Amino acid sequence: MQKKKPIVEGLERFRQQQNISFHVPGHKHGELSNLPQAFKDVMRYDVTELTGLDDLHYPEEMILEAEHLLADTYGVMKSFFLVGGSTVGNLAMIYATCNRGDTIIVQRNAHKSIFHAIELVGAKAVYVSPQWDERTLTATHVSYDDLTQAVDCYPEAKAVVLTYPTYYGMTSKDIARQVAYCHEKNIPILVDEAHGAHFSACSLFQPSSLTFGADVVVQSAHKTLPAMTMASFMHVNSKLVNVERIHHYLRMLQSSSPSYILLASLDDARYYIQTYMESDGAYIIEKKNQWAEALRAIGSLEVIEVDDPLKLLLRVDGYSGYQLQEALEDKRVYVELADAHQVLLVLPLLKQGYSYPFADIRVRIKEAVTALLNTEKAAIEAVSQNAYNFVAITEPMYSSDEIATMEKEWLPYMRTMGRTAASMIIPYPPGIPLLVPGEKITVAKLSQLEELLATGATFQGNHRLEEKMIEVIK
Ligand SMILES: Cc1ncc(COP(=O)(O)O)c(C=O)c1O
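Residues numbered from 1 in each chain as written. Predicted model: local features only at pLDDT ≥ 70, side-chain atom pairs only at ≥ 80, totals over all residues. Heavy atoms only, no water.

A. Expanded view of the overall build of the protein. The number of helices and strands found in the protein is 15 helices and 18 strands. Taken over the C-alpha trace, the protein has a radius of gyration of 23 Å; the compact-globule value for 474 residues is 23 Å, and the two agree within 12%. When its C-alpha atoms are laid out on the principal axes, the protein stretches across 65 × 55 × 45 Å. Evaluated residue by residue, the protein yields a buried proportion of 57% over its 474 residues. Counting contacts in the protein only where the partners sit at least 6 residues apart, residues at least 24 apart contribute 70% of the total. Surface accessibility of the protein: about 20,300 Å² in total, with carbon and sulfur atoms responsible for 52%. In the protein, the 43 positive side-chain charges and the 58 negative ones have mean positions that sit 2 Å from each other. (Helix = DSSP H or I, 4+ residues; strand = E, 2+ residues; numbered from the N terminus. Rg over C-alpha atoms; globule rule 2.2 N^0.38 Å. Buried < 20%, exposed > 50% of the residue type's maximum accessible area, 1.4 Å probe, protein only. Contact = heavy atoms within 4.5 Å. Areas by Shrake-Rupley, 256 points an atom, 1.4 Å probe, with all protein chains shown as cover. Lys, Arg positive; Asp, Glu negative; His and termini not counted. Charge placed at Lys NZ, Arg CZ, Asp CG, Glu CD.)

So this is what it looks like as structure tokens:
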């Protein structure tokens, strides 16, 4: 097994040389910075494309070697380090496969970056509604029948975009057959695997969509691997997608001064997963199972396990996820997200022998639940259901180019049934738009919006929800 970390080692060598900086960045190895010493220590490694340190956009030396190791680790033709998060990978994969006016088939509960990419490219989206999972109370994946029907109806589609796993750690059992079907039609499958960078670590986890033949896969290394925020991977393993086009767009979309600290953390994350053993996977699964049992012993706390062993859902009957989140934060336990029903925890990808203070956290969670039970229950009982699946396949009424020139108006959202949305409304997190421009506003969407507002969700997008107003096409 390769034990190298080319970028980490290259940067460490460079630091030890005590080189003089007459180059950017202006903090001069941190010397001019007034940040606390711990920050300044890290800035020592914040360098730029100097001799011997290679260039992310045209790699020939240590970055190329590290990207080769990454491709080897994931068993793909070509891998890229991303310093703009999975967001930039999602943009690049759609730019690389679609031109203005081209059709693209998209799982509707995609991250906002997918919708942004479609708008920027000027592609014509066809949405496929996800299924609803009663156990996790979340929208999950598109069914085989719905996806293949969309492909049959729109054979001219230039790509299909899936999200696998979901933010909540649910995986699709249909993805292998979906990939095979699309490949028969020569349509590439682009997968937003932001939450699945760790899947390839061992066979005890769910398989990565790469194992099913996905053409392009984007992974937020920073979400489940020990990488820094914004550090992501992109893999291309395809006869249908031109890898040079991906590279071309990454060069345009990413900074011309990519952070070497992020690159080092990606190199290190690749090493972490490459050296992750089956026994490590068994260890974290065992730890998770024991902890889930211990949490269940806390009366009134419901613990829901999902496909991904690193994710766990917690609920307290009668209280919204936002209330539980607040109670946990009072005990200094910070969760990944809350929704109307529950909170989502992301557990650490431990290796054998690593410890994490699970017992102490359980005590705090118990105190939080006790405190929560002494407060008022949620004002409304959350009953959300799939806001997407009344029609399996939909097209927005207008393209983003058309919407840009159309007259719009602000209305109380309760009076917008049957109207066409002019702006995105994005509950955040998870960042999956409830409404996208050009989409018909249905009763199901409005009920979900009402429920989200009543239970305390926060929103991104262009809205005036504090006045209960949204923007529609006039
Ligand atoms: C499903 C999904 N895709 C893409 C992204 C964007 O990832 P990043 O934050 O790495 O840009 C997110 C972020 O939460 C996400 O949940």
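There's plenty left to go through after this.
B. Summary view of the site of the ligand. As a matter of local geometry, the ligand sits amid 13 residues, with Ser-86, Thr-87, Asp-192, His-195 and His-222 nearest to it. Interatomic distance of 2.5 Å between a side-chain N/O atom of Asp-192 and a nitrogen atom of the ligand. At 2.9 Å from an oxygen atom of the ligand is found a side-chain nitrogen or oxygen belonging to Lys-223. Coverage of the ligand by the protein amounts to 88% of the 390 Å² it exposes when considered alone. Of all the secondary-structure elements, those providing two or more residues to the shell around the ligand are helix 4 (85-97) and helix 8 (221-224). Top element by residues in the shell around the ligand is helix 4. It accounts for four residues. Looking at the shell around the ligand residue by residue, the classes come out as two nonpolar, nine polar and two charged. (Near = heavy atom within 4 Å. Polar contact = N/O pair within 3.5 Å; in protein donor to acceptor, adjacent residues only side chain to side chain. Nonpolar A, V, L, I, M, F, W, Y, C, P; charged D, E, K, R; others polar.)

C. Highlighting the pattern of salt bridges. Under the counting rule described, the total for this entry stands at 21 salt bridges. One salt bridge connects Arg-177 with Asp-174, and the closest N-O pair in it is separated by 3.5 Å. Accessibility expressed as a relative area gives 46% for Arg-177, which makes it partly exposed. Assessed through its relative accessible area of 21%, Asp-174 is described here as partly exposed. (Salt bridge = Lys/Arg side-chain N within 4 Å of Asp/Glu carboxyl O.)

D. Quick peek at the environment of Asp-152. Counting through the fold element by element, Asp-152 comes out in helix 6 (residues 144-153). As for Asp-152 and Cys-182, which are separated by 30 residues in sequence, their C-alpha atoms are 9.8 Å apart. Setting aside residues up to four positions removed in sequence, Asp-152 forms contacts with Tyr-181 and Lys-185.

E. Spatial organisation of the side chain of Thr-163. Turning to its location among the elements, Thr-163 is positioned in strand 6 (residues 159-163). The exposure class assigned to Thr-163 is buried, which follows from its relative accessible area of 10%. Apart from the residues within four sequence positions on either side, Thr-163 is in contact with Gln-107, Asn-109, Ala-110, His-141 and Asp-192.

F. Spatial organisation of the sheet that holds strand 7 (residues 189-192). Reading across the sheet, the eight strands line up as 1-9-8-7-6-2-3-14 and stay open at both edges, with mixed pairing between neighbours. Two strands in the sheet have a free side with no partner beyond their single neighbour: strand 1 (78-82) and strand 14 (393-394). In this structure, strand 7 lies alongside strand 8 (residues 216-219), joined through three bridges in parallel fashion. Note that in strand 8 the partner of Leu-190 across the bridge is Val-216. Set on the sheet, helix 5 (residues 112-121) makes contact with strand 2 (103-107), strand 3 (124-128), strand 6 and strand 7; between it and strand 2 the angle comes to about 170°. (Pairing = 2+ DSSP bridges. Axes fitted to C-alpha atoms, helices over the stretch in contact; angles between N-to-C directions.)

G. Helix 9 (residues 243-253), seen in detail. Every buried residue of helix 9 is accounted for by Ile-246, His-247, Tyr-249 and Leu-250. On an axial view of helix 9, the arc spanned by its buried residues comes to 165°, and they lie on one face. Contacts from the buried residues of helix 9 go to strand 1, helix 4, strand 8 and strand 9 (232-236). Backbone nitrogen of Glu-244 and a side-chain oxygen of the N-cap are separated by 2.8 Å at the start of helix 9; the cap is Asn-242. (Arc of directions from axis to C-beta.)

H. View of the domain arrangement of the protein. Along its sequence, the protein is carved into domain 1 (6-274), domain 2 (278-373) and domain 3 (397-473). Domain 2 and domain 3 are separated by 32 Å when their C-alpha centres are compared. Counting residues at the interface gives six residues for domain 2 and seven residues for domain 3. Carbon and sulfur atoms supply 64% of the area that domain 2 and domain 3 bury against each other, a total of about 470 Å² over both sides. (Domains from an automatic or database assignment. Buried area = accessible area lost by both parts, 1.4 Å probe.)

I. Quick peek at the nonpolar core. One finds Phe-81, Ile-105 and Ile-365 to be the most contacted residues of the largest nonpolar core, which totals 105 residues. Take this core: its biggest share by element is eight residues, from helix 10 (residues 260-274). Residues in contact with Ile-105, not counting those within four places in the same chain, are Val-126, Val-128, Leu-147, Ala-150, Val-151, Tyr-154, Ala-157, Ala-159, Val-160 and Val-161. Counting 35 residues, the second-largest nonpolar core is a separate cluster that includes Ala-92, Ile-104, Val-106 and Val-216. (Core = buried A, V, L, I, M, F, W, Y, C linked by side-chain atoms within 4.5 Å.)

J. Just the pairing of strand 18 (residues 469-473), in detail. Counting buried residues along strand 18, five of its five residues qualify, which places the element largely inside the surrounding structure. When strand 15 (residues 408-412) meets strand 18, the two strands line up antiparallel, connected through five bridges. Counted as the bridge partner of Trp-410 is Glu-471 from strand 18.

K. Up close: the state of the cysteines. Applying the stated criterion across every chain yields a total of zero disulfides. Distance from the sulfur of Cys-182, which forms no disulfide, to the nearest cysteine sulfur (Cys-98) is 13 Å. (Disulfide = S-S within 2.5 Å.)

L. The pairing of strand 3, seen in detail. Across the five residues that make up strand 3, a large majority, four, are buried. The pairing of strand 2 with strand 3 spans five bridges and is parallel. Within strand 3, the residue paired with Gln-107 across the bridge is Val-128. Looking at chain direction, strand 3 and strand 14 are connected through two bridges and run antiparallel. Bridge pairing links Tyr-127 to Thr-394 in strand 14.

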